[in-house]
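The chain contents come next:
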Amino acid sequence: MRCVLRGIAMTLAALLGPVACGTTQAPEELRVIVPTPPGGGFDQTARTLAGGLEDSGLAESVEVLNMPGETGMAALSRARYESGDDTLLLQMGLGLVATAQISGHAGELAELTPLARVVEEAGAIVVPAGSDYGNLPDLVADLRDRPGEVAGGGGSQPGGPDHLAVMLLADELGIDPAEVSYHSYDGGGELLAGLLSHEVDYAAMGAGEHMHAVEAGELRVLAVTGPERVRGIDAPTLTELGVDLEFVNWRGLLAPPGLAEDERDALIGTIDRLRDSAPWREAVDRYGWEDSYLAGEEYGEFLDVETRRVADVLDALGLRDSGR
């Protein structure tokens, strides 16, 4: 099985020119809501975005507000509540699409204003540095023999990207996902602590999410889940190891509903200019992200397609029923 949750092909993004903006200027003071605690992929992306906007002079100040709770739905509700406010952005991605599906809030998510998909990121299968698992085949052998005893973890709720990576890997290995032991942590910061304290034997996470821990020798990457190796990480892809699975996460931005068209276009124009800035390009390279820029109506179309694709995957894994 080859599962690539990428939606519209990346070649489409290359065909898109800069988004035309009206005379309305984007606000100089912005807020970015993050639906998870500090330390995870959403938080990392939002803080990188905020720093890039400020360093590039595209915004005077950008405040990042972590708003965990209700598997991301608290942040979603806040964004919906502030209808018409063009100073507010919601950092989101595949994880929020999936958890909205499971919790029955996909309709509410669709009410928000699509701005842009900004990056894609391969996942990584990691173990603590002192783990007995020296490579992925060692881990796979134990997973096949005793899937309920080898504890996996992720910084996402059921249906989120870390959880999906573990479940899809199990499915591809011929293991019933229902038998897999998965420990859900509320964000990447708690997941890192769980790994280092050996609460879990292995974990799925964004490849660039805890690069500092990999570089410090605290974590070891057994494999990455994208179609190609990740810059800065000495680890093979799953397909190189004979596992026919590709899984790529993505992250983007939404605004509250009720924006005027020129307000929406001004925000998109700011994000478009950030994409071309040196601070943002350096961050994309540093974290091993891939530029997957898609803006405005094209991003909205991608979200529609991705929502249906995610629903199909969740149904195939029995996750939507178990989450209701």
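Overview of the structure.

Before going further, it helps to examine the overall build of the protein. Scanning the protein from terminus to terminus reveals 13 helices and 10 strands. Here the protein has a C-alpha radius of gyration of 19 Å; the compact-globule value for 324 residues is 20 Å, and the two agree. With the C-alpha coordinates aligned to their principal axes, the bounding extent of the protein is approximately 60 × 40 × 35 Å. When burial is assessed residue by residue, the protein has 57% of its 324 residues classed as buried. Taking the average place of the 22 positive charges on the side chains of the protein and the average place of its 55 negative ones, the gap between the two points comes to 3 Å.

It is worth spelling out the packing of helix H4 (residues 94–103) against helix H12 (residues 296–316) at this point. Orientation of H4 relative to H12, taken along the N-to-C sense of each, is 60°, at an axis distance of 10 Å. Judged by the sense of rotation from one axis to the other, the crossing of H4 with H12 is right-handed. Between H4 and H12, the contacting residues are Leu 94, Val 97, Ala 98, Gln 101 and Ile 102 on the first element and Glu 306, Thr 307, Val 310, Ala 311 and Leu 314 on the second. Across the contact of H4 with H12, the residue classes tally to 7 nonpolar, 2 polar and 1 charged.

Right, let's get into helix H11 (residues 278–286). Of the positions making up H11, those classed as buried are Trp 280, Ala 283 and Val 284. Down the axis of H11, the buried side of the element spans an arc of 100°, and every buried residue falls inside it. Lining the buried residues of H11 we find helix H2 (41–55), strand S4 (113–128), helix H10 (261–275) and strand S10 (290–295). At the C-terminal side of H11, Gly 288 shows a positive phi close to 70°.

This part is about the environment of Leu 259. Summarising the element assignment, Leu 259 is placed in the loop between strand S9 (248–255) and H10. The spacing of Leu 259 and Asp 85 is 174 residues in sequence and 7.0 Å in space, taken between C-alpha atoms. Those residues in contact with Leu 259 that lie beyond four places of it in its chain are Gly 84, Asp 85, Asp 86, Thr 113, Arg 264 and Leu 267.

Let us look at a negative patch on the surface. A contiguous patch of negative charge, built from Glu 261, Asp 262, Glu 297, Glu 301 and Asp 304, is present on the exposed surface. Elements with a contribution of two residues or more to the negative patch: H10 and H12. Sort the elements by how many residues they give to the negative patch and H12 lands first, with 3 residues. Inspection of the secondary structure puts Glu 301 in helix H12.

Another point: the pairing of S4. Sheet faces and side chains relate simply in a regular strand, where the side chains alternate between the two faces. Among the 16 residues of S4, 15 are classified as buried, and the element is accordingly described as predominantly covered. Relative to S9, S4 runs antiparallel, the two sharing 8 bridges. What sits directly across from Arg 117, in S9, is Gly 252. Looking at chain direction, S4 and S10 are connected through 4 bridges and run antiparallel. The residue bridging Glu 120 from the neighbouring strand is Glu 290, located in S10. Bridge count between S4 and strand S7 (residues 202–206): 4 bridges; the pairing is antiparallel. Opposite Ile 125, over in S7, you have Ala 204 as the bridge partner. Relative to strand S8 (residues 219–224), S4 runs antiparallel, the two sharing 5 bridges. The partner of Val 127 across the bridge, within S8, is Arg 220.

Parameters and conventions
- Every chain is numbered independently, its residues counted from 1 as its sequence is written.
- Selection of residues for local features in this predicted model requires a pLDDT of at least 70, selection of side-chain atom pairs for listing and counting requires 80 or more, and totals for whole chains, interfaces and linings are taken over all residues.
- Side-chain descriptors were evaluated using all non-hydrogen atoms of the structure, hydrogens and water having been removed beforehand.
- Going along the chain from the N terminus, every DSSP run of H or I of four or more residues is numbered as a helix, and every run of E of two or more is numbered as a strand.
- Radius of gyration: C-alpha atoms only; globule rule: 2.2 Å multiplied by the number of residues to the exponent 0.38.
- Categorising residues by exposure relies on relative accessible area from a 1.4 Å probe, with only protein chains included: less than 20% of the type maximum marks a residue as buried, more than 50% marks it as exposed, and the intermediate range marks it as partly exposed.
- This count recognises Lys and Arg as positive and Asp and Glu as negative, with His and chain-terminal groups excluded.
- By convention, charge coordinates are those of NZ in Lys, CZ in Arg, CG in Asp, or CD in Glu.
- Think of each axis as a best-fit line through the C-alpha atoms, taken over the contacting stretch in the case of a helix, with angles from 0 to 180 degrees between the N-to-C directions.
- For any helix crossing, the convention is left-handed if the near helix is rotated counterclockwise from the far helix by under a right angle, and right-handed if that rotation is clockwise.
- Contact between two residues is taken to exist if any of their heavy atoms lie within 4.5 Å; hydrogens are not considered.
- Each residue gets one of three labels, nonpolar for Ala, Val, Leu, Ile, Met, Phe, Trp, Tyr, Cys and Pro, charged for Asp, Glu, Lys and Arg, and polar for the others, Gly among them.
- Each C-beta atom gives one direction from the helix axis, and the arc is the one those directions make.
- Residues forming no salt bridge and having over 30% relative accessible area are the ones grouped into patches, like charges within 9 Å of each other and nonpolar side chains (Val, Leu, Ile, Met, Phe, Trp, Tyr) within 5 Å.
- Surface accessibility in these figures is a Shrake-Rupley result with a 1.4 Å probe; residues are shielded only by whichever protein chains are displayed.
- Every case where a carboxyl oxygen of Asp or Glu lies within 4 Å of a side-chain nitrogen of Lys or Arg is listed as a salt bridge.
- Paired strands are those between which DSSP finds at least two bridges.

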